[in-house]
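Structure at a glance
Here is how the chains run, residue by residue.
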Amino acid sequence: MRDSKIVDFLAELADRVPAPGGGATAALHAAQAAALLGMVARYSTGERYTAHAETIVAVIAETDNLRTRALRLAEEDAAAFTAVTNAYRLPKGEERSAAIAAALAGAAEPPARVIEAAARVVELCELLLPIGNRNVVTDIAAAAEAARAALTTARVNVEVNLGGVKDERVREELNLRISGVDAAAARADWVTAEVREEINR
């Protein structure tokens, strides 16, 4: 997937195939958010930003890692969803039920990890907002909005799998991992509001 042209990925996304779907899209939202923030950080280097150089370097490194991780999660999501469809094709019986439950638990994992990545991007948006290059401050808002889309889209993709997860411990863990989405989304909204206030003064 990471080597696909955008036009080819979108054609595949639009096709009548089980994957890629919403989970991969959530991961790509997170990847775009990280990339945008990395761009802002790279525009925030040089003599003018010396006082924050250490922070900027750290943001560049982390956003690059988050971008790579999110792309990997897009691929893992597609593979996990394919495993779900394969489990549903098994002959009816206990083995099929167990395979479906296991596959659904597996399919919930990539979007749960997307939530973690996207929440971290929002934190980095908050970190970069007061010190980043004001000429590209709107891209911090764009990153926050992309991260917000990743958060809420990934949550839906965790929730849709929860009903079929039989292991109560796994269900509780997944519910815990999605419990912070509203707070992270609100923080993303705050970043955008701050940027809009700045550019509309």
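Treat the numbers as computed from the prediction; the structure is a model and nothing was measured.

Moving on, we come to the overall build of the protein. In terms of regular secondary structure, the protein is built from 7 helices and 0 strands. Starting at the N terminus, the α and β elements of the protein follow one another as α-α-α-α-α-α-α. Partitioning the contacts of the protein with sequence separation of at least 6, the portion at a separation of at least 24 is 78%. Approximately 10,600 Å² of the protein is accessible, and the part contributed by carbon and sulfur atoms is 53%. With 23 positive and 29 negative side-chain charges, the protein shows a spacing of 3 Å between the two charge centroids.

Here we come to the nonpolar core. Grouped together as the largest cluster of nonpolar side chains are 61 residues, with contacts concentrated most on Leu37, Val114, Val121, Cys125, Leu128, Ile140 and Val158. If you list the elements that add at least two residues to this core, you get helix H2 (22-42), helix H3 (53-88), helix H4 (94-128), helix H5 (137-162), helix H6 (168-178) and helix H7 (181-199). With 15 residues, H4 is the single largest residue contributor to this core.

Scanning the model with the defined rule gives 15 salt bridges in all. Here arginine 134 makes a salt bridge to glutamate 198, at a shortest N to O gap of 2.7 Å. Of the two residues, arginine 134 sits in the loop between H4 and H5 while glutamate 198 sits in helix H7, which places them 64 residues apart along the sequence. For arginine 134, a relative accessible area of 33% translates into the label partly exposed. Here glutamate 198 falls in the partly exposed class, since its relative accessible area comes to 24%. Residues arginine 169 and glutamate 173 are paired through a salt bridge, measuring 3.7 Å at the closest nitrogen-oxygen approach. Within this pair, arginine 169 and its partner glutamate 173 are both found in helix H6, separated by 4 residues, close to a single helical turn. Its relative accessible area of 37% is what places glutamate 173 among the partly exposed residues. Overlapping salt bridges bring together Glu109, Glu116, Arg169, Glu173 and Arg177 as one network.

Okay, the side chain of threonine 192 next. Counting through the fold element by element, threonine 192 comes out in helix H7. For threonine 192, a relative accessible area of 13% gives the class buried. Non-local contacts of threonine 192, meaning those with residues more than four positions away in its chain, are made with Ala141, Ala144 and Glu145.

Turning to the packing of H3 against H4, a few remarks are in order. One can describe the packing of H3 onto H4 by two numbers: an axis separation of 9 Å at closest approach and a directional angle of 160 degrees. What the angle tells us is that H3 and H4 run roughly antiparallel. Considering how the two elements wind past one another, H3 and H4 form a crossing that is left-handed.

Contact pair H2 / H5: the axes reach a minimum separation of 8 Å and the direction vectors enclose 160 degrees. Our classification of the angle between H2 and H5 gives roughly antiparallel. Crossing hand, H2 versus H5: left-handed. Contacts from Gly22, Gly23, Ala26, His29, Ala30, Ala33, Leu36, Leu37, Met39 and Val40 in H2 reach Asp139, Ile140, Ala142, Ala143, Ala146, Ala147, Ala149, Ala150, Thr153, Ala154 and Asn157 in H5. For the contact of H2 with H5, the residue count by class is 15 nonpolar, 5 polar and 1 charged.

Further remarks concern the confidence of the model for the protein. Put simply, the protein has an average pLDDT of 95, and 100% of its residues get 70 or more. The element-level mean pLDDT for the protein is lowest in helix H1 (residues 6-14), coming to 92, with H7 highest at 98.

The topology assignment puts alanine 61 in helix H3. In this structure, the C-alpha to C-alpha distance between alanine 61 and alanine 41, residues 20 residues apart in sequence, is 9.8 Å.

So, on to the environment of glutamate 123. Mapped onto the secondary structure, glutamate 123 falls in helix H4. Given a relative accessible area of 31%, glutamate 123 falls into the partly exposed group. With 39 residues separating them in the primary sequence, glutamate 123 and valine 84 have C-alpha atoms 33 Å apart. A distance of 2.7 Å separates polar atoms of two side chains, one belonging to glutamate 123 and the other to arginine 120.

Parameters and conventions
- Residues numbered from 1 in each chain as written.
- Predicted model: local features only at pLDDT ≥ 70, side-chain atom pairs only at ≥ 80, totals over all residues.
- Heavy atoms only, no water.
- Helix = DSSP H or I, 4+ residues; strand = E, 2+ residues; numbered from the N terminus.
- Contact = heavy atoms within 4.5 Å.
- Areas by Shrake-Rupley, 256 points an atom, 1.4 Å probe, with all protein chains shown as cover.
- Lys, Arg positive; Asp, Glu negative; His and termini not counted.
- Charge placed at Lys NZ, Arg CZ, Asp CG, Glu CD.
- Core = buried A, V, L, I, M, F, W, Y, C linked by side-chain atoms within 4.5 Å.
- Buried < 20%, exposed > 50% of the residue type's maximum accessible area, 1.4 Å probe, protein only.
- Salt bridge = Lys/Arg side-chain N within 4 Å of Asp/Glu carboxyl O.
- Axes fitted to C-alpha atoms, helices over the stretch in contact; angles between N-to-C directions.
- Parallel < 35°, antiparallel > 145°, perpendicular 65-115°, else oblique.
- Left-handed = near helix turned anticlockwise from the far one by under 90°.
- Nonpolar A, V, L, I, M, F, W, Y, C, P; charged D, E, K, R; others polar.
- pLDDT = per-residue confidence, 0-100.
- Polar contact = N/O pair within 3.5 Å; in protein donor to acceptor, adjacent residues only side chain to side chain.

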